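Observations on chain architecture
Residues per chain are reported as follows:
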Amino acid sequence: MAVHRNRTLLFQLDSQSKTPLYRQIYDQVRRAILSGTLVEGDRLPSIRRASADAGVAHTTVEQAYLQLALEGYVRNVPRSGYRVEHFDASFLRTSPVDTANDLHAALAPRQRDAFTQENTRAQSARYDFSYANLQPDSFPVRTWRKLTDDALYASTAPWLARYGFTDKPGTLSVVLARYLAQARGVSCIPEQVLPQAGTDGALATVFQLFDHEQHLIAMEEPGYATVHEVAKRMGYRIAGLPVDQGVDAYFAALEERKPKIVFATPSHQFPTGRVMGLDMRIRLLKWAEKNYAYIIEDDSCNEYRYGTSPIPSLQSLDAQRRVVYLNNVSKVLSPALRIAYLVLPPKLLNRYLRTFAYAHPPVSALQQEVLARFISEGYWEQLLRRTATGNRKRHDALLSSLESELGDRIELAGINSGMHLFATVKNSMSQDGLLESAARQGAAVYGTKRMWFSRPAPENKLLIGFSAIAIEDIAPGVAALRRAWFPSSDR
């Protein structure tokens with residue numbers, strides 16, 4: 001049985017300190033308990049006596065004691081006062097484990113990751129041929145600030161004072177449904193349009209509507225590595241659909257594996273830049289109907305075609321409602337905002353509403369409201385035209401420079417669309433060698449090994465982008481690539 005002792009504590013208080021007086025009392029009592037000066041059952045000085053000894057108000061001491069009691073260090077015993085509570089004080093005296101080595105080991109794989117290394121090199125590169133980032137000055141800061149101000153100050157913004165649960169679609173869903181019908185022929189009502197936290201968040205949402213133990217996901221190979229990573233994290237088995245071996249090989253893989261979910265980029269295949277022809281689109285839709293499968297159509301980058309109009313969406317051809325439409329604002333507005341959106345077919349929408357009945361919207365109400373205004377007031381179309389014009393100029397400049405500097409020593413695919421070229425470099429270097437030699441010349445280009453996952457990746461395939469680089473840097477940047485890859489060239 002614990003021995004109850006009345007203890008005298010002399011508080012050393014500094015009225016000039018930034019730490020409140022009650023907190024100073026709290027800290028000194030807590031230290032006394034943890035050091036063993038006060039032990040279980042010891043009685044603290046009464047509030048009246050402690051306040052008199054310390055020369056502070058009763059409420060100051062009371063506030064300190066109440067905080068100690070709230071945290072479990074002491075308890076208030078009726079007619080006896082505050083006593084030290086029972087707990088393992090020795091545990092709290094244990095020195096923290098030195099985790100420096102463990103943290104270093106935990107972070108080491110990230111530093112070895114090829115994607116991380118590429119982007120790290122790009123940050124210091126003189127010529128960054130990024131395939132995903134935008135021009136540094138492209139974000140419409142003034143317009144976005146104005147629309148944010150309008151959303152916040154046009155009224156009292158009551159929607160920011162409550163959770164976003166409602167039986168009605170949000171403003172952004174309404175605006176996107178109207179825009180998608182006009183721009184992409186997407187057939188939907190606003191309730192089907194679901195804003196998501198980036199493409200990876202959107203994929204995770206769709207994958208949660210299926211059973212990873214029963215269902216198989218098929219994706220293009222080479223293909224978008226994020227799909228593979230998200231599916232793998234969620235425990236799915238993944239099958240590759242070859243897009244570099246002809247249409248028959250693609251459908252043979254579908255017939256062999258019979259996936260429940262097919263991920264496709266019909267309007268601009270990533271990374272090759274190919275467009276899925278109408279006959280193949282129809283065959284894919286018929287296959288999905290016959291096999292009760294669903295297709296995730298990632299329509300990213302459809303906006304950028306140089307010389308022709310955008311290709312109609314696969315969803316616009318889908319009479320049986322087997323297509324999940326997926327897109328984002330990263331390629332036009334900002335990759336940093338992490339805003340994507342899904343259009344779910346009716347059966348999956350019903351499943352979504354049951355699965356995510358208590359989930360909060362993954363995109364903040366303020367971001368949704370500002371983006372809705374940005375689109376509905378015409379700023380999106382203005383920005384798209386400006387971005388497409390700039391991309392077209394850089395696309396043409398890159399093609400011209402590559403032809404002039406490298407000629408037939410490099411083979412290009414995916415031209416006349418998108419934000420990058422899919423390049424085959426005709427020398428004997430490995431992919432790592434190509435990337436590292438370019439980096440030594442101040443140029444950043446991007447590897448593709450992570451885009452193959454069921455068969456060996458070719459060593460000589462690279463992405464050379466033009467969306468982020470300044471147009472005046474393209475020619476000297478390509479010259480740097482020539483020096484890196486063909487140092488003995490006569491040029």
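Located above this text is the structure these notes cover.
Reference entry: report on the structure contained in this document. None of the values given here were measured: they were computed from a predicted structure.

**Some thoughts on the sheet that holds strand β6 (residues 237-242)**
Taken in spatial order, the 7 strands make up an open sheet running β4-β10-β9-β8-β7-β5-β6, and their pairing is mixed. Every interior strand has two partners, whereas the edge strands, β4 (193-196) and β6, have only one. Looking at each pair of strands side by side, their axes are set apart by 25° on average, direction ignored. Bridge analysis of strand β5 (residues 216-221) against strand β7 (residues 261-264) gives 3 bridges, and the strand direction is parallel. Each bridged residue has a counterpart across the sheet, and for Met219 the counterpart in β7 is Phe263. Sheet contacts for helix α11 (residues 247-257): β5, β6 and β7; angle to β6, the most-contacted strand, approximately 155°.

**What to know about the pairing of β4**
Judged by which residues are buried, β4 turns out to be covered on both faces: Val193 and Pro195 on one side and Leu194 and Gln196 on the other are all buried. Here 4 bridges tie β4 to strand β10 (residues 340-343), and the two strands are oriented antiparallel to one another. Bridging across to β10, Val193 finds its partner in Val343.

**Here we look at the sheet that holds strand β12 (residues 420-425)**
Ordered in space as β11-β12-β15-β14, the 4 strands form an open sheet in which the pairing is antiparallel. The open sheet has two edge strands, β11 (410-413) and β14 (446-447), and neither has a second partner. Where β12 lies against strand β15 (residues 461-465), 5 bridges are found, and the strand directions are antiparallel. Note that in β15 the partner of Leu421 across the bridge is Ile464.

**Points about helix α5 (residues 100-112)**
Across its 13 residues, α5 extends 18 Å between first and last C-alpha, which sits within 8% of the 18 Å expected from 1.5 Å per residue. The largest bend along α5 reaches roughly 25° and is located at Ala106, with the proline Pro109 sitting one to four residues downstream. For α5, the tally of buried residues reaches only 1 of 13 residues, placing the bulk of the element at the surface.

**A few points about the side chain of Glu297**
Its location among the elements puts Glu297 in strand β8 (residues 294-298). Arg281 is the oppositely charged side chain nearest to the buried, salt-bridge-free Glu297, at an N-O distance of 4.9 Å. From its side chain, Glu297 meets the backbone nitrogen of Gln315 in a polar contact 2.9 Å long. Apart from residues lying up to four places away in sequence, Glu297 is in contact with Ala264, Pro266, Ser313, Leu314, Gln315, Val323, Val324, Tyr325 and Leu326.

**Focus on the pairing of strand β2 (residues 81-84)**
Two strands pair when backbone bridges link them, and strand β1 (residues 74-77) and β2 are joined in this way by 4 bridges, in the antiparallel orientation. Each residue of the ladder has a partner; that of Arg75, found in β2, is Arg83. Hairpin connection between β1 and β2: a loop of 3 residues separates the two successive antiparallel strands, and Arg79 in this loop has a positive phi of roughly 60°.

**Focus: the packing of aromatic side chains**
Centre-to-centre distance and the angle between the planes together describe a pair of aromatic rings. As enumerated under the stated definition, the model contains 14 aromatic pairs in all. Through a chain of ring-to-ring contacts, the aromatic side chains of Tyr131, Tyr224, Phe270 and Tyr446 assemble into a single cluster. Arg283 extends its terminal NZ or CZ atom over the ring of Phe251, reaching a point 4.1 Å from the ring centre.

**Comments concerning the environment of Leu333**
Mapped onto the elements, Leu333 comes out in the loop between β9 (323-328) and β10. Classification of Leu333 as buried rests on a relative accessible area of 1%. Between the C-alpha atoms of Leu333 and Phe486, which are 153 residues apart in sequence, the distance is 37 Å. Those residues in contact with Leu333, other than ones at most four positions away along the chain, are Leu134, Phe139, Pro140, Trp144, Leu371, Phe374, Trp380 and Leu383.

**Considerations on unusual backbone geometry**
For the bond running from Glu221 to Pro222, omega is 0°, close enough to zero to count as cis. Residue position: Pro222 is located in the loop between β5 and α10 (225-233). For the bond from Phe270 to Pro271, the omega torsion is 15°, close enough to zero to count as cis. Inspection of the secondary structure puts Pro271 in the loop between β7 and α12 (278-290). Its identity as a non-glycine residue notwithstanding, Arg321 has a phi of 55°, on the positive side. Looking at the element boundaries, Arg321 is found in the loop between β8 and β9. Take Arg321: its relative accessible area is 31%, and that puts it in the partly exposed class.

**So, the packing of helix α1 (residues 21-35) against helix α3 (residues 58-71)**
Remark: α1 packs on α3, axes separated minimally by 8 Å, with the N-to-C direction vectors making an angle of 50°. In terms of axis orientation, α1 runs oblique to α3. Considering how the two elements wind past one another, α1 and α3 form a crossing that is right-handed. Along the contact surface, α1 presents Leu21, Tyr22, Arg23, Ile25, Tyr26, Val29 and Arg30, while α3 presents Thr60, Val61, Gln63, Ala64, Gln67, Leu68 and Glu71. For the contact of α1 with α3, the per-class residue count stands at 8 nonpolar, 3 polar and 3 charged.

Here is what the cut-offs are and how they apply
- Residues numbered from 1 in each chain as written.
- Predicted model: local features only at pLDDT ≥ 70, side-chain atom pairs only at ≥ 80, totals over all residues.
- Heavy atoms only, no water.
- Pairing = 2+ DSSP bridges.
- Helix = DSSP H or I, 4+ residues; strand = E, 2+ residues; numbered from the N terminus.
- Axes fitted to C-alpha atoms, helices over the stretch in contact; angles between N-to-C directions.
- Contact = heavy atoms within 4.5 Å.
- Buried < 20%, exposed > 50% of the residue type's maximum accessible area, 1.4 Å probe, protein only.
- Expected span 1.5 Å × (residues − 1).
- Bend = angle between axes of the 7 residues up to and from the residue.
- Lys, Arg positive; Asp, Glu negative; His and termini not counted.
- Salt bridge = Lys/Arg side-chain N within 4 Å of Asp/Glu carboxyl O.
- Polar contact = N/O pair within 3.5 Å; in protein donor to acceptor, adjacent residues only side chain to side chain.
- Phe/Tyr/Trp six-rings, centres within 6.5 Å; stacked < 30°, edge-to-face > 60°.
- Lys NZ or Arg CZ within 6 Å of the ring centre and 35° of its normal.
- Parallel < 35°, antiparallel > 145°, perpendicular 65-115°, else oblique.
- Left-handed = near helix turned anticlockwise from the far one by under 90°.
- Nonpolar A, V, L, I, M, F, W, Y, C, P; charged D, E, K, R; others polar.

Scope: geometric values only; no functional claims are made or implied.
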